[in-house]
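Letter by letter, the chains look like this.
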Amino acid sequence: MAKGKTTTFYCQGCGYESSKWMGQCPGCRGWNTFVEEPKKVNAKGRVSSGNIHMEQMKPMSISEIDLRDEDKVRTHIEEMDRVLGGGIVPGSLTLVGGDPGIGKSTLLLQVCRHLSDDNRKVLYISGEESLKQIKLRAKRIGEFKDTLQLLCETNLDTITTVIEATKPEIVIIDSIQTMYSEEVAASPGSVSQVRESTGILLKIAKGMGISIFIVGHVTKEGAVAGPRVLEHMVDTVLYFEGDRHASYRILRGVKNRFGSTNEIGVFEMQRVGLVEVKNPSEFMLNGKPEGASGSIVSCSMEGTRPILIEIQALVCQSNFGIPRRQATGTDFNRVNLLMAVLEKRMCLQMSACDAYVNIAGGMKIMEPAVDLGIAMAIVSSYKNRAIDDATVAFGEIGLSGEVRAISMVEQRVQEVKKLGFTTCIIPYSCLDMVKDVKDIKIIGVRSVQEAIDLI
Ligand code: TYD
Ligand code: MG
């Protein structure tokens, strides 16, 4: 590096540091991701990701380690607790990412409310909104206790001092893109600033045993330093996502050092803030048409929870040489593959048809277990014959048209039964798993052909 040089180049995607500009990042292979930023003034404040207590300097055996402190703090928002893996781990650093306006601040303010109701000291630090704005939002959500303290600040050195003085149990930082440390000359939101700020917060969390939630905005193409840079620094990464046009929001665990990552929490944005959706299946099936062709209910697992969804297909004669295909909420290539299977194995003239497949409600389902549902919806629309409304179908479809086994069949069938459906079409090889389930007609099928023959 040239002597006296004050700037360096950072990859916006992964934080890779280089002394010169490069077209492709050697770290993440992204193109045109390097930006020039002022160099850090000194190396002070380097973070050791682990603990900094003196007595922990010596290695320990697993049995020596005391777990008494690990009782997790419950937020009393069930959907949130589930995603966190039971509650907030003391001293953990959690990143909540999501598009602007999706409801991150609202969700965390609600978490604060529940925690302060529990008489826990909570500090909500906002760099985006004024205290008045937060109060306006809080008024919509409900009553707050005085154990919740608010602070509008973006300077992390001041924030560190305040935290050290007030010793809260839980701290919310909204958002990391607005925070800055004086040690770094770059502007807030830049890669080096975001990384440095997270480092400081990490030190506070681990050193003082305070749980910290960090809000991070995600923008397309990572125009501002996206939270991707931070993902490896924090303990837990949660993504809050949802369709702009749908009122429900999904909180998804992407990384969790304390629990499973395939759990989701479902919320609905209402006038009084986010309301938990305890039964997402009912929510997703709301407004399902009766007796319409091209519609069937299928079941997908989200973590340990089965969710029933309506799959809709519209197949019509193509007016052009190349048929149009479109998939909303599911994998486009998978739909094409299923149509090829139907064409070849069932001799349906799919290549002359346009096809549109939609998962109603705006959910995104990538699980192959809904293959059978998609195939049946397509055939139903193609033949213009409605499938019985009380029928649910799920199973993976192989290239030779066979219906293959899937996991957690019993949970799925139980959910189907709970929602009042009377017939369930499942892979033949899974029949054994559900032989104890009563009061519902279960049909095992070996191939798509068999399933179609049933309707
Ligand atoms: P917000 O939490 O500010 O989003 P983020 O912090 O992720 O940017 O939520 C903003 C949206 O939520 C806003 O468009 C209005 C809506 N909202 C409601 O519909 N009801 C409510 O009670 C609240 C507080 C917000
Ligand atoms: Mg916000």
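Residues numbered from 1 in each chain as written. Chains lettered and ligands numbered in written order. Predicted model: local features only at pLDDT ≥ 70, side-chain atom pairs only at ≥ 80, totals over all residues. Heavy atoms only, no water.

## Focus on the confidence of the model for the chain
Mean pLDDT over the chain stands at 87; residues scoring 70 or higher make up 92%. Counting interchain partners and residues more than four positions distant, the pLDDT-below-50 stretch residues 43-52 has eleven contacts. (pLDDT = per-residue confidence, 0-100. Contact = heavy atoms within 4.5 Å.)

## Observations concerning the environment of leucine 431
One can find leucine 431 in the loop between strand S20 (423-427) and strand S21 (441-445). On a C-alpha basis, the gap between leucine 431 and glutamate 410 in space is 9.5 Å, while along the polypeptide they are 21 residues apart. The contacts of leucine 431, once residues within four sequence positions are left out, are Ile426, Ile442, Ile443 and Gly444. (Helix = DSSP H or I, 4+ residues; strand = E, 2+ residues; numbered from the N terminus.)

## Let's talk about unusual backbone geometry
Cis geometry marks the peptide bond from aspartate 174 to serine 175, where omega comes out at -5 degrees. With respect to the helices, strands and loops of the structure, serine 175 is situated in the loop between strand S7 (170-174) and helix H5 (191-208). At histidine 76, a position not held by glycine, the phi torsion is positive, near 65 degrees. For histidine 76, the position within the fold is in the loop between strand S3 (34-38) and helix H1 (78-84). Under the relative-accessibility criterion, histidine 76 is labelled partly exposed at 43%. The phi angle at aspartate 439 is positive, at roughly 65 degrees, despite the residue not being glycine. You can see aspartate 439 is positioned in the loop between S20 and S21. (Buried < 20%, exposed > 50% of the residue type's maximum accessible area, 1.4 Å probe, protein only.)

## Focus: the packing of helix H2 (residues 104-117) against helix H3 (residues 131-141)
For the pair H2 and H3, interaxial distance at closest approach is 10 Å and the crossing angle is 65 degrees. Compared by their axis directions, H2 and H3 come out roughly perpendicular. The crossing of H2 and H3 is right-handed. Between H2, through Ser105, Thr106, Leu109, Gln110 and Arg113, and H3, the contact on the second element is made entirely by Ile134, Arg137, Ala138 and Ile141. Taken together, the residues of the contact of H2 with H3 break down into four nonpolar, three polar and two charged. (Axes fitted to C-alpha atoms, helices over the stretch in contact; angles between N-to-C directions. Parallel < 35°, antiparallel > 145°, perpendicular 65-115°, else oblique. Left-handed = near helix turned anticlockwise from the far one by under 90°. Nonpolar A, V, L, I, M, F, W, Y, C, P; charged D, E, K, R; others polar.)

## With respect to the site of ligand 1
In the region of ligand 1, 15 residues are neighbours, and Gly101, Ser105, Thr106, Gln270 and Gly273 sit closest. Within the side chain of serine 105, a nitrogen or oxygen atom sits 2.5 Å from an oxygen atom of ligand 1. Contacts to ligand 1 include glutamine 270, whose backbone N or O atom sits 2.7 Å from a nitrogen atom. Here ligand 1 loses 75% of its free accessible area of 560 Å² to cover by the protein chains. At the level of secondary structure, the elements contributing two or more residues to the shell around ligand 1 comprise H2, H3 and strand S11 (264-270). In terms of residue count, H2 provides more of the shell around ligand 1 than any other element does, three residues in total. (Near = heavy atom within 4 Å. Polar contact = N/O pair within 3.5 Å; in protein donor to acceptor, adjacent residues only side chain to side chain. Areas by Shrake-Rupley, 256 points an atom, 1.4 Å probe, with all protein chains shown as cover.)

## With respect to the state of the cysteines
Taken as a whole and judged by the stated rule, the model has zero disulfides. Between cysteine 28, a cysteine without a disulfide, and cysteine 11, which holds the nearest cysteine sulfur, the sulfur-to-sulfur distance is 3.7 Å. With no disulfide of its own, cysteine 316 lies 7.5 Å from the sulfur of cysteine 353, the closest cysteine sulfur. (Disulfide = S-S within 2.5 Å.)

## Section: the environment of valine 409
For valine 409, the location among the structural elements is in helix H9 (residues 409-418). The spatial distance from the C-alpha of valine 409 to the C-alpha of aspartate 66 is 39 Å, given a sequence separation of 343 residues. Leaving out residues up to four positions away in the same chain, valine 409 has contacts with Phe394, Ile426, Cys430, Met433 and Val434.

## Examining the sheet that holds strand S4 (residues 93-98)
Strand order across the open sheet formed by nine strands is S6-S5-S7-S8-S4-S9-S10-S11-S12, with mixed pairing between neighbours. Pairing within the sheet leaves two strands with one partner each, and these edge strands are strand S6 (148-152) and strand S12 (273-276). Across the sheet, the mean angle from the axis of one strand to that of its neighbour is 25 degrees, orientation sign disregarded. The sheet contact formed by S7 and strand S8 (residues 211-217) spans four bridges and is parallel. (Pairing = 2+ DSSP bridges.)

## Quick notes on the domain arrangement of the chain
The domain boundaries assigned to the chain delineate domain 1 (7-38), domain 2 (73-278) and domain 3 (283-453). Placing the centre of domain 2 and that of domain 3 at their C-alpha centroids yields a distance of 38 Å. Taken together, the contact between domain 2 and domain 3 spans 15 residues of the former and ten residues of the latter. Counting each side, the surface lost to burial between domain 2 and domain 3 is near 950 Å², with a carbon and sulfur contribution of 51%. Per-residue buried area on domain 2 facing domain 3 is highest for Tyr248, Glu263 and Ile264; these three make up 44% of the total on that side. In this structure, the connection of domain 2 to domain 3 is made through two salt bridges. The residue glutamate 302 makes a salt bridge to arginine 252 at a minimum N-O spacing of 3.3 Å. Taken together, the connections running from domain 2 to domain 3 amount to five residue pairs in polar contact (both at pLDDT 80 or more). Looking at the side of domain 2 that touches domain 3, the elements with two or more residues in it are H1, strand S10 (248-256) and S11. Element by element, the count of residues in the side of domain 2 that touches domain 3 is highest for S11, at four residues. (Domains from an automatic or database assignment. Buried area = accessible area lost by both parts, 1.4 Å probe. Salt bridge = Lys/Arg side-chain N within 4 Å of Asp/Glu carboxyl O.)

## Regarding H2
The terminal C-alpha atoms of H2 lie 20 Å apart, and with 14 residues this matches the ideal 20 Å at 1.5 Å per residue to within 8%. Within the span of H2, buried status applies to Lys104, Ser105, Thr106, Leu107, Leu108, Leu109, Gln110, Val111, Cys112, Leu115 and Ser116. With its phi angle positive at about 65 degrees, asparagine 119 sits one or two positions after the end of H2. (Expected span 1.5 Å × (residues − 1).)

## A closer look at the packing of helix H4 (residues 156-166) against H5
It is the contact of H4 with H5, at a shortest axis distance of 11 Å, that shows an interaxial angle of 10 degrees. Our classification of the angle between H4 and H5 gives roughly parallel. Contact residues: Leu156, Thr160, Ile163 and Glu164 in H4; Ser197, Ile200, Leu201, Ile204 and Met208 in H5. When its residues are assigned to classes, the contact of H4 with H5 shows six nonpolar, two polar and one charged.

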